[in-house]
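Chains, contacts and geometry: an overview
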Amino acid sequence: KQEVTQIPAALSVPEGENLVLNCSFTDSAIYNLQWFRQDPGKGLTSLLLIQSSQREQTSGRLNASLDKSSGRSTLYIAASQPGDSATYLCAVYMGRRALTFGSGTRLQVQP
Amino acid sequence: NAGVTQTPKFQVLKTGQSMTLQCAQDMNHNSMYWYRQDPGMGLRLIYYSASEGTTDKGEVPNGYNVSRLNKREFSLRLESAAPSQTSVYFCASSEKRGTGYDQPQHFGDGTRLSIL
């Protein structure tokens, strides 16, 4: 059974800092990995999707990398801003039965 | 640009009551999903539907039923609500692209359900 772990569970940083969120998964037979953002009381917004054949994806200040063989992904956020404060979830897709999620990293960026 | 719409947004039920959570998407997606989110446990798949007329169990289907009414709508029913079903419920949809992989998934804002 696929298990997805995110470390740390919570993170507080001062504005402007570069930061890395970690995601690990136990079964490397994935099709893709997706990073989501969740604001309090809201649904999930897809940030980046990395196919299993890709090493990284970039969108603005966000960069996600994937090392499928070691079962790891990182989400790099450059020059963090208070508006980045949210919970970040990673999820892996293994086929018909939809996504397997980690429990998330709650990020607080202090002004 | 509505995307995925869930109703209601909040609901309080008594143990044993029944209710249906509604979900509709306007993106012409084939696949739709129901997840529940509990503190510290991420999202877990309850049921999903790969296309109109088909449904399959996910990780935690016990106590729930679903109906894929048409391509747009996918409802989740609690026949006899239990306190363990207190959770936030999310509906999502996605479309298969050329690779055949569902991507990406689009989520509604959730239904916050409390069972007393």
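See the structure printed just above.
Residues numbered from 1 in each chain as written. Chains lettered and ligands numbered in written order. Predicted model: local features only at pLDDT ≥ 70, side-chain atom pairs only at ≥ 80, totals over all residues. Heavy atoms only, no water.

**Overview of the interface of chain B and chain A**
Contacts between chain B and chain A engage 24 residues on the former and 22 residues on the latter. At the junction of chain B and chain A, the tally comes to one salt bridge. Across the pair K1 of chain A and E59 of chain B runs a salt bridge whose closest N-O atoms are separated by 3.3 Å. For the interface between chain B and chain A, the tally reads four residue pairs in polar contact (both at pLDDT 80 or more). Where the side of chain B that touches chain A is concerned, the elements lending two or more residues are strand 4 (31-37), strand 5 (43-49), strand 6 (56-57), strand 9 (87-96) and strand 10 (102-107) of chain B. Element by element, the count of residues in the side of chain B that touches chain A is highest for strand 10 of chain B, at five residues. (Contact = heavy atoms within 4.5 Å. Salt bridge = Lys/Arg side-chain N within 4 Å of Asp/Glu carboxyl O. Polar contact = N/O pair within 3.5 Å; in protein donor to acceptor, adjacent residues only side chain to side chain. Helix = DSSP H or I, 4+ residues; strand = E, 2+ residues; numbered from the N terminus.)

**Notes on the sheet that holds strand 7 (residues 62-67) of chain A**
Residues and elements named next belong to chain A. The antiparallel open sheet is built from five strands, whose spatial order is 1-3-8-7-6. Taken across any chain shown, the strands that pair with only one partner, and hence form the sheet edges, are strand 1 (4-7) and strand 6 (56-59). With strand direction ignored, the average angle separating the axes of adjacent strands in the sheet is 15 degrees. The pairing of strand 6 with strand 7 spans four bridges and is antiparallel. The residue bridging Q57 from the neighbouring strand is A64, located in strand 7. (Pairing = 2+ DSSP bridges. Axes fitted to C-alpha atoms, helices over the stretch in contact; angles between N-to-C directions.)

**Examining the packing of aromatic side chains**
Per the stated rule, a full pass over the model turns up nine aromatic pairs over all chains. Ring centres of F101 of chain A and Y35 of chain B lie 5.5 Å apart, and the angle between their planes is 85 degrees; this geometry places the pair in the edge-to-face category. One end of the pair, F101 of chain A, is in strand 10 (residues 99-101); the other, Y35 of chain B, is in strand 4, on a second chain. The class for F101 of chain A is buried, based on a relative accessible area of 6%. (Phe/Tyr/Trp six-rings, centres within 6.5 Å; stacked < 30°, edge-to-face > 60°. Buried < 20%, exposed > 50% of the residue type's maximum accessible area, 1.4 Å probe, protein only.)

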